[in-house]
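Summary of the model geometry
One letter stands for each residue in the lines below.
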Amino acid sequence: MSVSESIFIIIGMFIVTFGVRFVLFARAHKVVMPPFIEKALKFVPVAVLTAIITPMIFLQDQALYLSLFNPWLLGALASFLVGIWRQQQLLTILVGVVVFFIAKFFFSA
Amino acid sequence: MTRIEHMRRGALASVPMIVGGIPFGLLFGSLASSNGLSPWFAIAMSAIVFAGSAQFVALGLIALHAPIWVIVSTTFIVNLRHLLYAADMVKFVKHLPMPVRLIMGFGLVDETYAALRPMYGTGAVNDKTGHQVYFGSFLAFYVMWNVTTVLGVLSGELIPGMSEWGLEFAMVATFIGIITPYLKSKPFWLCMISAGVSSLVLVDLPNNLGLLASAVVGVLVGFLADQGKDASGGVA
């Protein structure tokens, strides 16, 4: 890959990445979100974050791994239960991480 | 509280996700150098583009000798989910001066959105402090991403087998810690379940399209469930 190709790739990737993130911020003072859009947007955090982590939790090598020997599933389950029960972020993370590493230590040879 | 203290709050709230991101940064740097790319290319990409998953996709496409327009348009698709974040954040940035919004836009990654959005929701940050806390999260994440990229480039693989340790689980646990406080009504449960199931069903779609489609499904299901609730007189 030539130097000019490298530069074009980085500039091109920068423009689309930054563009997607900034375009609405640039017009933020003029953008008026219709109420139904605002109502829908409040589901964005739960929807996107769930869609990011669910495959990490349930899949191994592209296949569903529904087993109590799956450390990702056990850790996530522990986090989830603590999160529902106590809603303390730090505790939720800690319990999940501890369960995950214990399970990983015991179940992965 | 001073500006520095607010920034520290943002950085602290991001610590688990930063830990979770370390293996990805190292992996990106070491993959780039094992693919025979110039160290400067990988380092410049992390510093200028600053988009984790899109950078990995780009490495794969470069290895396949894909044309530049394919690399750039794929990057666009992989990052489209950030448009949802930006739309959700518009109400919190519209009073801020343009240079501040510029930096916030540059730093609008999954982790910083995940860390900051609930703080706006609960009132932990407000119009005056939000962007400072945001900067703290962004800077901490930016420094981690660039330092680990450099380390990955320099070392090939710094600590053998580190990518097998499962440090990424810290990010999973953090996201769960962010999701669970929302689960106080049926629409949010339905949103989560539908997004999760869709993400498993659509996992084979290329370029994060499964992720994007699942996010849209989750938002729509939540929204429609919410409307149904209102229509039936607020029951359930």
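Residues numbered from 1 in each chain as written. Chains lettered and ligands numbered in written order. Predicted model: local features only at pLDDT ≥ 70, side-chain atom pairs only at ≥ 80, totals over all residues. Heavy atoms only, no water.

1. Here's the deal with the UniProt feature "transmembrane region" (unreviewed entry) in chain A
Residue and element names in this part refer to chain A. Note the threshold: UniProt positions are given in the numbering used here, feature names are shortened, and annotations may be inferred rather than shown by experiment. Here a strand is any run of E in DSSP of at least two residues, a helix any run of H or I of at least four, and the numbering for each starts at the N terminus.
This chain's UniProt record puts "transmembrane region" (unreviewed entry) on residues 6-28, 40-58, 64-83 and 90-107. Each end of residues 64-83 is marked by a C-alpha atom, and these two atoms are 24 Å apart; helix forms 65% of the span and strand 5%. Counted over residues 90-107, helix gives 100% and strand 0%. Its end C-alpha atoms are 25 Å apart.

2. Thoughts on the UniProt feature "transmembrane region" (unreviewed entry) in chain B
Residues and elements named next belong to chain B. In the numbering used here, UniProt assigns the feature "transmembrane region" (unreviewed entry) to residues 12-34, 40-61, 68-87, 133-154 and 166-185. End C-alpha atoms of residues 68-87 are separated by 28 Å, and the span's content is 90% helix alongside 0% strand. Secondary structure over residues 133-154 splits into 100% helix and 0% strand, and the C-alpha atoms at its two ends are 32 Å apart.

3. A short note on the domain arrangement of chain A
As a reminder, the rule being used: In this entry, domain limits derive from an automatic or database-based domain assignment.
What the domain assignment lists for chain A is domain 1 (1-31) and domain 2 (35-108). Computed over C-alpha atoms, the centres of domain 1 of chain A and domain 2 of chain A are 32 Å apart.

4. Overview of helix H11 (residues 186-201) of chain B
Threshold: Expected span of a helix, by definition, is 1.5 Å for each gap between consecutive residues, and there is one gap fewer than residues. Classification of residues uses two cut-offs on accessible area relative to the type maximum, computed with a 1.4 Å probe and protein chains only: under 20% is buried, over 50% is exposed, and between them is partly exposed.
Over its 16 residues, H11(B) extends 22 Å from the first C-alpha to the last, a length consistent with the 22 Å expected when each residue adds 1.5 Å. Within the sequence span of H11(B), burial applies to Pro187(B), Phe188(B), Cys191(B), Met192(B), Ser194(B), Ala195(B), Gly196(B), Ser198(B) and Ser199(B).

5. Observations regarding helix H2 (residues 15-34) of chain B
All names here are of chain B. In a regular helix each residue adds 1.5 Å, so 20 residues correspond to 28 Å; H2 covers 29 Å between its end C-alpha atoms and thus fits that length. Among the residues of H2, Pro16, Met17, Ile18, Gly20, Gly21, Pro23, Gly25, Leu26, Phe28, Gly29, Ser30 and Ala32 are the ones counted as buried. Among the residues trailing H2, Gly36 stands out with phi positive, at a value near 80°.

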